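In case you want the letters, here they are:
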Amino acid sequence: MAFMARSRFEVGISMRIMRALCALLLSAGLDYGRNAGPVPFRKVQLNPQFYSEGINHGDLNKDGIQDIISGPYWYPGPDFAKKIAFRTPRATPFDITGDSDCYSLFIFDFNQDGWPDILSLRQPGGAEAVWYENPKGAAGNWAEHKVFAPVENESAAMVDMDLDGAGRPELITNSNGYGGWASPDWSDATKDWTFHAVTAKGSWGAFTHGIGAGDINGDGRPDLLFPTGWWEQPAASAPAGTIWTQHPGSFGGQDNPGEGFGGAQMFAYDVDGDGDNDIVCTLQAHGWGLAWYENRNGGKDFTEHKIMGTRAELAQYGVAFAQLHAFAVADLDGDGLKDLITGKRKGAHGIGLGSEVDSAAVLYWFRLIRQTGQAPRYQPYLIDTVAGVGTQLIVEDVNGDGAPDILTARRDGAFVFLNQRVGTGIAALRKSRQVKEGGRFLFRPQRRFPGWDASGKAALPGIDSPRYP
């Protein structure tokens, strides 16, 4: 009995110590996110203000370490604690009830001087392409070059379409009713860029949703993807100006009838492992839905496999949230299969969504699971309930540990979620959470926020998700 009494006393002391340590961590304002199933993340907020819905990364100062760029600022790595303006910011952040002036950002050495530059899709909808010339370490605003308009797809992207074999990217988008890409005169990228239409004129207008690129028919050439079908890139021997062959399809949805058809970024990926690329995409940027489309017969036919639907379909798919306006694919857990990452663009217009417009700004990843004799499936995991998504989501390694991290920006600021899957044991844990500061490495412990009620549902408004398996 004396032994039992002593144990209770020791437990009581330990609990008090733990509470005191938790209070200390909370008072320090540290936030390390939640353990999103089999992959934990450390959450870092770069900026709490609304300056951008675009975000990306690159080694801007050529120190061998990745930096993060969002809106008018860049954040030097590895701790991303300092912000530096490369163009004049607004005197005050944008009103969260409106839009920002930065929808997407891309990093490339456009003038081929050895220093990475910044391309920003500016204005509402990202309608104007402007690139900023790296001053090679000098202070002050970067020289601005307005090179193309109108950019009429809100998910426009810089993609190497392998058109000239030079490994240089093109800006895929819609413009003046056509689908195609814009590219510079590489002898002088400050001149106006030229748009190359590869479709007949269609009904695409300003603020179009959904675009991507990937090899659908297995000929080794990237094709152009839209919610209404895919356009086949011809052989390199085809004459300049050739209209690409259209293969009609339906890779989107309109469960919210008050908004347009089509989602966000679109990707070609072999989901079922049968040797050809399928299509994965969100279905309606201001509505509902996430799906993969099984490629059959060389891209002539597709079968839809829905991953997530409306609130009414919660029981069937296990999770439901609306406004999936940014989307990415990456192997988050290191199993060799690409997973899906998306979230809610809270604050964007959503006619007909009612209370869903104001529900939590969730960020999720969907783990691809293949099992012998079974169809592939995706398991959802909640990452965060504040960061959500804007109009661009980048999932790539920014801290050099080999695991892809998540970059997102929206009305509550800019965030990076550092993937903590590296290794096992305390030594690997310490290595994966160290931050270089003043020439030394600091260990930063992780804090968990359960956020779940007794039923296994997330105890926050607008979220429904099963407990992590």
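Further up the page is the structure itself.
The text that follows walks through the structure, step by step, so that each part is easy to find. Everything numeric here is computed off the predicted structure, so don't read it as measured data.

**Section: the overall build of the chain**
Secondary structure assignment for the chain yields three helices and 31 strands. For the chain, the share of sequence-separated contacts (at least 6 apart) that also reach a separation of at least 24 residues comes to 50%. Surface exposure of the chain reaches about 19800 Å², of which carbon and sulfur atoms provide 54%.

**Quick notes on the sheet that holds strand S26 (residues 377–384)**
One open sheet accounts for four strands, arranged S23-S24-S25-S26; its pairing is antiparallel. A single partner strand is all that each edge strand has here, and the edge strands are strand S23 (327–330) and S26. Averaged over all neighbouring strand pairs, the angle between strand axes comes to 25 degrees, with direction disregarded. Relative to S26, strand S25 (residues 363–369) is paired through seven bridges, and the arrangement is antiparallel. Among the inter-strand pairings, Leu363 is bridged to a residue of S26, identified as Asp384.

**Quick look at the sheet that holds strand S8 (residues 117–122)**
The sheet built from four strands is open, its strands ordered S7-S8-S9-S10 with antiparallel pairing. At either margin of the open sheet sits one strand with a lone partner, and together these are strand S7 (102–108) and strand S10 (143–148). The average undirected angle you get between the axes of adjacent strands in this sheet is 25 degrees. Of the strand pairs in this sheet, strand S9 (residues 128–133) and S10 are connected by five bridges, and their pairing is antiparallel. Residue pairing across strands places Ala129 opposite Phe148, the latter belonging to S10.

**Some thoughts on the side chain of Thr408**
You can see Thr408 is positioned in strand S28 (residues 405–410). By relative accessible area, which is 0% here, Thr408 ends up buried. A distance of 2.9 Å separates a polar side-chain atom of Thr408 from the backbone oxygen of Gly388.

**A few points about the nonpolar core**
By size, the foremost hydrophobic cluster in this structure holds 28 residues, and its most contacted members are Phe110, Leu119, Ala129, Leu171, Ile172, Trp193 and Leu224. Counting residues per element, the ones that place at least two in this core are S8, S9, S10, strand S11 (157–159), strand S12 (170–175), strand S13 (178–183), strand S15 (211–214) and strand S16 (223–226). In this structure, Leu171 is in contact with Leu121, Ala129, Phe148, Val151, Ala156, Ala157, Met158, Gly180, Trp181, Ala182 and Trp193, ignoring residues within four places of it in sequence. In this structure, Ala264, Met308, Phe327 and Val362 belong to the second largest nonpolar core, which totals 22 residues.

**Some words on the pattern of salt bridges**
Taken as a whole and judged by the stated rule, the model has 15 salt bridges. A salt bridge links Asp164 to Arg168, with the nearest nitrogen and oxygen atoms 3.3 Å apart. Salt-bridge contacts for Lys191 lead to Asp185; the nearest nitrogen and oxygen are separated by 4.0 Å. Each of Glu53, Asp99, Arg345 and Arg411 takes part in salt bridges that share partners, so that together they form one network.

**Some thoughts on the packing of aromatic side chains**
Tallying each qualifying case throughout the model produces 21 aromatic pairs. Relative to Trp142, the ring of Phe86 lies with its centre 5.7 Å away and its plane at 55 degrees, an arrangement referred to as tilted. Of the two residues, Phe86 is situated in the loop between strand S6 (84–85) and S7 and Trp142 in the loop between S9 and S10; the sequence distance between them amounts to 56 residues. On the basis of relative accessibility, which here comes to 0%, the residue Phe86 falls in the buried class.

**What to know about the environment of His57**
Looking at where His57 falls in the secondary structure, it is placed in strand S3 (residues 55–58). Taking C-alpha positions, His57 is 9.1 Å from Tyr75, a pair spaced 18 residues apart along the chain. Once residues within four sequence positions are removed from consideration, His57 is found in contact with Gln66, Asp67, Ile68, Ile69, Ile107, Ile394, Glu396, Asp397, Val398 and Leu407. A distance of 2.5 Å separates the side chain of His57 from the side chain of Gln66, its partner in a polar contact.

Reading guide: rules and limits
- Residues numbered from 1 in each chain as written.
- Predicted model: local features only at pLDDT ≥ 70, side-chain atom pairs only at ≥ 80, totals over all residues.
- Heavy atoms only, no water.
- Helix = DSSP H or I, 4+ residues; strand = E, 2+ residues; numbered from the N terminus.
- Contact = heavy atoms within 4.5 Å.
- Areas by Shrake-Rupley, 256 points an atom, 1.4 Å probe, with all protein chains shown as cover.
- Pairing = 2+ DSSP bridges.
- Axes fitted to C-alpha atoms, helices over the stretch in contact; angles between N-to-C directions.
- Buried < 20%, exposed > 50% of the residue type's maximum accessible area, 1.4 Å probe, protein only.
- Polar contact = N/O pair within 3.5 Å; in protein donor to acceptor, adjacent residues only side chain to side chain.
- Core = buried A, V, L, I, M, F, W, Y, C linked by side-chain atoms within 4.5 Å.
- Salt bridge = Lys/Arg side-chain N within 4 Å of Asp/Glu carboxyl O.
- Phe/Tyr/Trp six-rings, centres within 6.5 Å; stacked < 30°, edge-to-face > 60°.

Don't take any of this as a statement about function, it's just geometry.
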